[in-house]
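Letter by letter, the chains look like this.
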Amino acid sequence: MAMDRRNFLTTATLASLGLTLEAQDINQKDGRAADAKREASAVGGPPSKPVMISSRNGWNGMDKGYQMLLEGGDTLDAVIAVGKTQEDDPNDDSVGLGGLPNEEGGVELDSCCMHGPTRRAGAVGGVRWTKNASLLAQAVMQHTAHVMLVGEGADRFARAMGFPKDELLTERSRKAWLLWKESHRDSWWGPGLSDPNYRVPPDLQPPPPPSAQWWEQKRRELEELAAELAIPLEWRGHCIDRVLFPTHGTIHCSAVTPKGEMSGMTTTCGLAWKIPGRCGDSPIIGAGSFTDQDVGSAGATGSGEENIRVAGAHTIVENMRHGMTPREAGLDALKRIARNYRHNPAKLRYVDMQYYVLRKDGAYAGVSLWSHTASDKRRQFLVHDGSKRLEDMPYLFAGGPLSFPPQAREPFQRPNYGPSQPEKK
Ligand code: ASP
């Protein structure tokens, strides 16, 4: 059901906010023609050209990864090339170098990968001194009899394998963290959404009316604090956004070739300001990424804790094994998350989830719990099958999520301040 988001958000009552999954189910328009064409035929053999899908932040590395496949390269090397491009970029604060740190100011990276042809997997969690977590996960797969290494052991393994020791915290991310720390934002401590006794703060339920003044005041306070902290002018908007709306980042990428080979990889710095040691879904095989080239490959970005609870990537591949299309398989996993909260929108609006789904014949889908991001941009995913493009994601709920943990007096609707820096493609 198509719906104007602004109108939807301002007029919706909690009861109407997506309680009827079926009613709001899938945005029928998005990609319908393409999907219908792809899905009309039964699952066939491998595609005639390589197909890659990823989260939209894979844009910069996607051409390189695709070229590797055209030249007969390995599928895992190709999907890692997509992740590595962003891991190397200090201006991408969601993965690798420059990733936003934990509550103590330490950057901790997570990644996992699966190699379809050899049916092997590798993963690392809480890596502090190695920017290319995706390559390190691959090294665990190739050079150990284990699947997952975490924390200090993972970094020691990196040194043993010859990875350089990288300082991951860039000056801009350190400043953003300092601003968060000094403005005493709510932390991740205390019971989470999934706790049966968890109550969304009363002043958030039902949603208070939008208060532009509150936001302006908050922003002014943070701007003053940013000035005191000597945060350069050109970084201030960015740092304030990160404090007000802690990011979800993460890159997932999956690929299939005409030989029928498939791989998948997910890499992230995890949630901003997380409790040190926290691992989300991204390093968990079966949650952040899962590949079985007899069937397909899937991966996730978004609220890691929610995805772990439904083993999202594995669930999706199994759904396809049992005959669901990529889109149905992804939406089913999203519905399981909604079910975990009894479809309670007061909680679900703090959950953000996207899945990227690729079937062995090249059929694909990207699906999202919410139609828009927290900053009101249409949710999209990236695909390359000879031409690289962004496609809108079908979704369960119209609107955008709010950042969790809920912040006292956070209004339901965020005024549109516009992006503080150009959005990456
Ligand atoms: N899934 C990641 C995590 O929970 C974060 C994200 O994708 O934004 O660590």
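The structure displayed is predicted, hence computed values, not measured ones. (Residues numbered from 1 in each chain as written. Predicted model: local features only at pLDDT ≥ 70, side-chain atom pairs only at ≥ 80, totals over all residues. Heavy atoms only, no water.)

### Regarding the packing of helix α4 (residues 59-70) against helix α5 (residues 75-87)
Two numbers describe a pair of packed helices, the interaxial angle and the distance between the axes.
Thought 1: Direction vectors running N to C along α4 and α5 enclose 160 degrees, while the axes themselves pass 8 Å from each other. Classified by the angle their axes make, α4 and α5 are roughly antiparallel. Here α4 and α5 pass one another in a crossing that is right-handed. Each of N60, G61, M62, G65, M68 and L69 in α4 lies in contact with α5, whose residues at this interface are T75, D77, A78, A81, V82, T85 and Q86.
Thought 2: Classifying every residue of the contact of α4 with α5 by side-chain character gives 6 nonpolar, 6 polar and 1 charged. (Axes fitted to C-alpha atoms, helices over the stretch in contact; angles between N-to-C directions. Helix = DSSP H or I, 4+ residues; strand = E, 2+ residues; numbered from the N terminus. Parallel < 35°, antiparallel > 145°, perpendicular 65-115°, else oblique. Left-handed = near helix turned anticlockwise from the far one by under 90°. Contact = heavy atoms within 4.5 Å. Nonpolar A, V, L, I, M, F, W, Y, C, P; charged D, E, K, R; others polar.)

### What to know about the packing of aromatic side chains
Thought 1: Tallying each qualifying case throughout the model produces 3 aromatic pairs.
Thought 2: Summarising the aromatic geometry, the rings of W180 and W273 are spaced 5.3 Å apart at their centres and angled 10 degrees between planes, so their arrangement reads as stacked. Remark: W273 occurs in the loop between β6 (262-268) and β7 (289-292) and W180 occurs in helix α8 (residues 171-182); sequence separation between them is 93 residues.
Thought 3: Exposure remark for W180: the relative accessible area of 6% places this residue in the buried category.
Thought 4: Taken together, a centroid distance of 5.2 Å and an interplanar angle of 45 degrees make the contact between W370 and F397 tilted. Separated by 27 residues along the polypeptide, W370 in strand β10 (residues 364-370) and F397 in strand β13 (residues 395-397) bring together distant segments of the chain. Note on accessibility: W370 and F397 belong to one class, buried.
Thought 5: Against the face of W129 rests K165, its NZ or CZ located 4.8 Å from the ring centre. (Phe/Tyr/Trp six-rings, centres within 6.5 Å; stacked < 30°, edge-to-face > 60°. Buried < 20%, exposed > 50% of the residue type's maximum accessible area, 1.4 Å probe, protein only. Lys NZ or Arg CZ within 6 Å of the ring centre and 35° of its normal.)

### Digging into the sheet that holds β13
Thought 1: Across the sheet, which stays open at both edges, the 5 strands sit in the order β7-β8-β9-β10-β13 with mixed pairing between neighbours. Lying at the two open borders of the sheet, with one neighbouring strand each, are β7 and β13. When the angles between neighbouring strand axes are averaged without regard to direction, this sheet yields 10 degrees.
Thought 2: Where strand β8 (residues 296-302) lies against strand β9 (residues 353-359), 7 bridges are found, and the strand directions are antiparallel. Its bridge partner being in β9, A300 is matched across the sheet by Y355.
Thought 3: Across the sheet, helix α12 (residues 312-321) touches β7, β8 and β9, and the angle it forms with β8 is around 145 degrees. (Pairing = 2+ DSSP bridges.)

### Observations concerning the confidence of the model for the protein chain
Thought 1: Here the protein chain averages 84 in pLDDT, and 80% of its residues register 70 or above.
Thought 2: Taken together, the stretch residues 1-34 has pLDDT below 50 and engages in 59 contacts with residues farther than four places along the chain or on a different chain.
Thought 3: Confidence over residues 408-425 falls short of pLDDT 50; this stretch has 56 contacts with residues more than four positions distant or in other chains. (pLDDT = per-residue confidence, 0-100.)

### A look at the side chain of D385
Thought 1: By the secondary structure assignment, D385 is in the loop between β11 (380-384) and β12 (388-392).
Thought 2: Polar side-chain contacts of D385 include one of 2.9 Å to the side chain of R389.
Thought 3: When residues no more than four places from it in sequence are discounted, the contact partners of D385 are K49, P50, V51 and Y66. (Polar contact = N/O pair within 3.5 Å; in protein donor to acceptor, adjacent residues only side chain to side chain.)

### Observations concerning the state of the cysteines
Thought 1: Counted under the stated rule, the structure contains 0 disulfides.
Thought 2: The thiol sulfur of C113 is not disulfide-bonded, and the nearest other cysteine sulfur, from C112, lies at 6.9 Å.
Thought 3: Accessibility expressed as a relative area gives 0% for C113, which makes it buried. (Disulfide = S-S within 2.5 Å.)

### Quick notes on α8
Thought 1: Taking 1.5 Å of rise per residue, 12 residues should cover 16 Å, and α8 covers 16 Å from first to last C-alpha, within 8% of that figure.
Thought 2: If you follow the buried residues of α8, they end up packed against α9 (212-228) and α10 (233-244). (Expected span 1.5 Å × (residues − 1).)

### Side note on the sheet that holds strand β4 (residues 148-150)
Thought 1: Read across the open sheet, the 8 strands follow the order β4-β3-β2-β6-β5-β1-β11-β12; overall the sheet is mixed. Edge positions in the open sheet fall to β4 and β12, since each of these has one partner strand only. Averaged over all neighbouring strand pairs, the angle between strand axes comes to 10 degrees, with direction disregarded.
Thought 2: Bridge analysis of strand β1 (residues 51-55) against β11 gives 4 bridges, and the strand direction is antiparallel. Across the sheet, I53 pairs through a bridge with V383, a residue of β11.
Thought 3: Against the sheet, α5 touches β1, β2 (109-115), β5 (251-256) and β6, its axis set at about 20 degrees to β6.
Thought 4: Against the sheet, helix α6 (residues 133-143) touches β2, β3 (120-127), β4 and β6, its axis set at about 130 degrees to β3.

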